[in-house]
Amino acid sequence: GRIAILGFDLCLSLQAYNIHVNGVLHCRVRYSQLLGLHEQLRKEYGANVVPAFPPKKIFTLTPAEVEQRREQLEKYMQAVRQDPTLGVSETFNSFLRKAQQETQQIPTEEVVLEVLLSNGQKVKVTILTSDQTEDVLEAVASKLDLPDDLIGYFSLFLVRETKDGAFSFVRKLQEFELPYVSVTSLHNSEFRIILRKSYWDSSYDDDVMEHRVGLNLLYAQTVSDIEHGWIVVNKEQHRQLKSLQEKVSKKEFIRLAQTLKYYGYLKFDPCVTDFPEKGCHVVVSAGNNELNFQVRLPNEQIKEGSFKVTRMRCWRVTSSVPMSNGPSGSSPGKSEVKLELAFEYLMSKDRLQWVTITSPQAIMLSICLQSMVDELMVKKSGSSIRKMFRRRANGALRRSDSQQAVKSPPLLVSGTAAAVGKMKSKLTSVSLRGISHSSSANDVGSNDFHGNYAFEGIGDEDL
């Protein structure tokens with residue numbers, strides 16, 4: 001059976017649950033280990049905070065009971081992941097990290113990890129196999145001489161290199177994983193780790209450009225985005241950019257780029273949407289607090305439009321996973337895991353409509369939406385993203401509360417005992433903390449949604 005926690009899916013094999021992230025095995029855990037985690041969380045946070053755990057059974061479980069337990073464990077893991085305290089707790093995340101390392105059977109030792117910059121430059125850092133994402137990010141920053149107060153402006157992303165040398169983004173590396181283990185366990189050299197800016201609002205570029213290394217990183221990313229066609233440039237702008245590049249006027253180059261279409265957007269691989277009608281091919285870009293659609297209509301006409309994040313009432317990621325007895329998720333990107341992102345959008349004053357994107361990058365899309373909302377909320381509170389990171393006593397980095405709402409990809413838990421060969425659809429999204437939603441037309445439980453703190457009704461002036 002599979003357990004689904006935002007990005008994870010857990011399936012039962014030989015009495016152990018396989019937790020998958022995006023269809024790739026993350027770790028294998030036994031019921032007793034999950035029970036141990038539960039008891040530790042209860043001890044630290046109290047019984048009234050921690051959700052109920054599926055009870056122990058004395059007798060051997062029937063296949064129906066096995067599937068029931070898998071579903072209960074899945075709900076439990078989802079609930080812990082979504083809890084604003086438990087989901088970001090060191091107890092929960094270190095449990096998943098340790099389990100990942102044990103499952104992949106990678107001993108703790110010093111290794112050299114290669115991290116790419118946007119221009120293809122390789123940064124080699126000496127880390128431990130057991131180092132978490134924040135430790136690796138800090139090691140890269142230290143190697144590059146990026147000052148501490150700029151580390152929070154950058155993130156590490158898992159990408160897949162495409163044939164034309166561009167990158168397809170899989171996900172932002174999360175706090176529950178070990179980057180070295182995540183990338184090596186894929187056994188595929190196309191998967192790389194890349195450093196890229198993690199914010200959306202280009203006014204933060206000013207902070208980054210104050211420092212030589214920040215400026216160089218931003219410049220390399222901007223040049224790369226233009227070369228890969230992510231930023232739209234006309235002939236005249238291209239000529240101006242080329243001349244600034246020849247003069248090595250990096251700041252002026254970035255200033256000009258900031259005025260161009262799709263500057264600061266993350267472009268996704270072509271995929272499929274049901275808007276304005278089912279089966280339309282679309283290229284989605286995320287940036288400027290919106291999802292931009294370039295849709296190819298059935299008559300081959302290209303239509304462009306944007307969905308603002310402030311008009312999305314909620315969103316969810318769903319994944320359809322076939323239940324089979326074979327080794328599940330051994331290779332990523334197989335057609336067997338179908339991921340969809342659906343969001344409920346305020347089309348007009350009184351009309352909400354669901355829009356669906358079917359894409360292997362649905363998790364990354366969800367992470368983008370979530371981080372846009374978080375950035376908007378940080379701004380609203382009068383805080384700045386410079387304060388988003390604060391130092392921990394032992395030297396590693398910790399996100400401060402202002403960005404604690406950022407959620408990881410969905411976690412799925414699966415069980416082979418059930419529905420062999422059938423497609424099993426799992427809702428794997430997370431709601432933002434403290435939000436309860438009235439159920440919309442779909443009779444889906446409220447916990448399946450990312451509610452949106454930044455959702456705004458439309459005033460008459462917007463229509």
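Just above, that's the structure.
Note that the coordinates shown come from a computational prediction; the quantities given were computed from them, not determined experimentally.

S.K.: Just checking my understanding: could you explain the overall build of the protein for this structure?
M.R.: Secondary structure summary: the protein contains 10 helices and 22 strands in total. Per-residue burial for the protein yields a buried fraction of 56% across its 463 residues. Within the protein, residue pairs in contact and separated by at least 24 positions form 63% of the contacts whose partners lie at least 6 positions apart. Element-wise, carbon and sulfur atoms account for 49% of the exposed surface of the protein, whose accessible area totals about 20,400 Å².

S.K.: I tried to follow the packing of helix α7 (residues 212-227) against helix α9 (residues 250-258) on my own but got confused; where do I start?
M.R.: Two measures define how a pair of helices packs: the angle their axes make with one another and the distance between the axes. Put simply, α7 and α9 touch, their axes get as near as 10 Å, and they point 50° apart. The angle between α7 and α9 places the two elements in the oblique class. Of the two possible hands of crossing, α7 and α9 adopt the one that is left-handed. For the pair α7 and α9, contact is made by Leu215, Asn216, Leu218, Tyr219, Thr222, Val223 and Ile226 and by Lys250, Lys251, Phe253, Ile254 and Ala257, respectively. Grouping the amino acids of the contact of α7 with α9 by side-chain chemistry returns 8 nonpolar, 2 polar and 2 charged.

S.K.: Help me understand the sheet that holds strand β9 (residues 191-197) in this model?
M.R.: Adjacent strands of a sheet pair through backbone hydrogen bonds, lying either parallel or antiparallel. One open sheet holds the 5 strands; their spatial order is β6-β5-β9-β7-β8, and the pairing between them is mixed. Each end of this open sheet is capped by a strand with a single partner; those strands are β6 (122-128) and β8 (167-172). Sheet twist, expressed as the average angle between the axes of neighbouring strands with direction ignored, equals 45°. Summarising the sheet, strand β7 (residues 154-161) and β8 pair through 5 bridges and their orientation is antiparallel. Considered in β8, the bridge of Val159 is made with Phe169. Its contacts with the sheet put α7 on β7 and β9, and the angle it makes with β9 is roughly 115°. The sheet contacts of helix α10 (residues 362-380) involve β7 and β8, and relative to β8 the element is tilted by about 60°.

S.K.: Explain unusual backbone geometry here, please?
M.R.: Leaving glycine aside, a negative phi is the common case for residues, and trans is the common case for peptide bonds. Following Phe275, the chain continues into Pro276 via a peptide bond in cis, with omega recorded as 0°. Here Pro276 is to be found in the loop between β11 (271-273) and β12 (280-287). Although it is not a glycine, His187 adopts a positive phi angle of roughly 50°. Within the secondary structure, His187 sits in the loop between α5 (179-184) and β9. Taking relative accessible area as the criterion, His187 reaches 71% and is therefore assigned exposed.

S.K.: In this structure, what is going on with the pairing of strand β16 (residues 338-348)? I would like to understand it.
M.R.: Each regular strand shows side chains that alternate between the opposite faces of the sheet. With 8 of its 11 residues buried, β16 lies for the most part within the structure. Relative to strand β17 (residues 351-358), β16 is paired through 8 bridges, and the arrangement is antiparallel. Paired with Glu344 across the bridge in β17 is Trp354.

S.K.: Any chance you could explain empty space enclosed by the protein here in plain terms?
M.R.: In this approach, a probe sized like a water molecule rolls over the atoms, and the result shows the empty space that is left. Tallied over the entire structure, the rule returns 7 cavities of 30 Å³ or more. By volume, the largest cavity amounts to about 130 Å³. Every element with two or more residues in the lining of the largest cavity is listed here: β9 and α10. Residue contributions to the lining of the largest cavity peak at 4 residues, all from α10. Grouping the amino acids of the lining of the largest cavity by side-chain chemistry returns 8 nonpolar, 4 polar and 3 charged.

What counts and what doesn't
- Residues numbered from 1 in each chain as written.
- Predicted model: local features only at pLDDT ≥ 70, side-chain atom pairs only at ≥ 80, totals over all residues.
- Heavy atoms only, no water.
- Helix = DSSP H or I, 4+ residues; strand = E, 2+ residues; numbered from the N terminus.
- Buried < 20%, exposed > 50% of the residue type's maximum accessible area, 1.4 Å probe, protein only.
- Contact = heavy atoms within 4.5 Å.
- Areas by Shrake-Rupley, 256 points an atom, 1.4 Å probe, with all protein chains shown as cover.
- Axes fitted to C-alpha atoms, helices over the stretch in contact; angles between N-to-C directions.
- Parallel < 35°, antiparallel > 145°, perpendicular 65-115°, else oblique.
- Left-handed = near helix turned anticlockwise from the far one by under 90°.
- Nonpolar A, V, L, I, M, F, W, Y, C, P; charged D, E, K, R; others polar.
- Pairing = 2+ DSSP bridges.
- 1 Å grid on protein atoms, 1.4 Å probe; cavity = no way out; pocket = protein on both sides within 12 Å on 5 of 7 lines; lining within 4 Å.
- Points joined across faces, edges and corners; volume = space filled by probe spheres on them.

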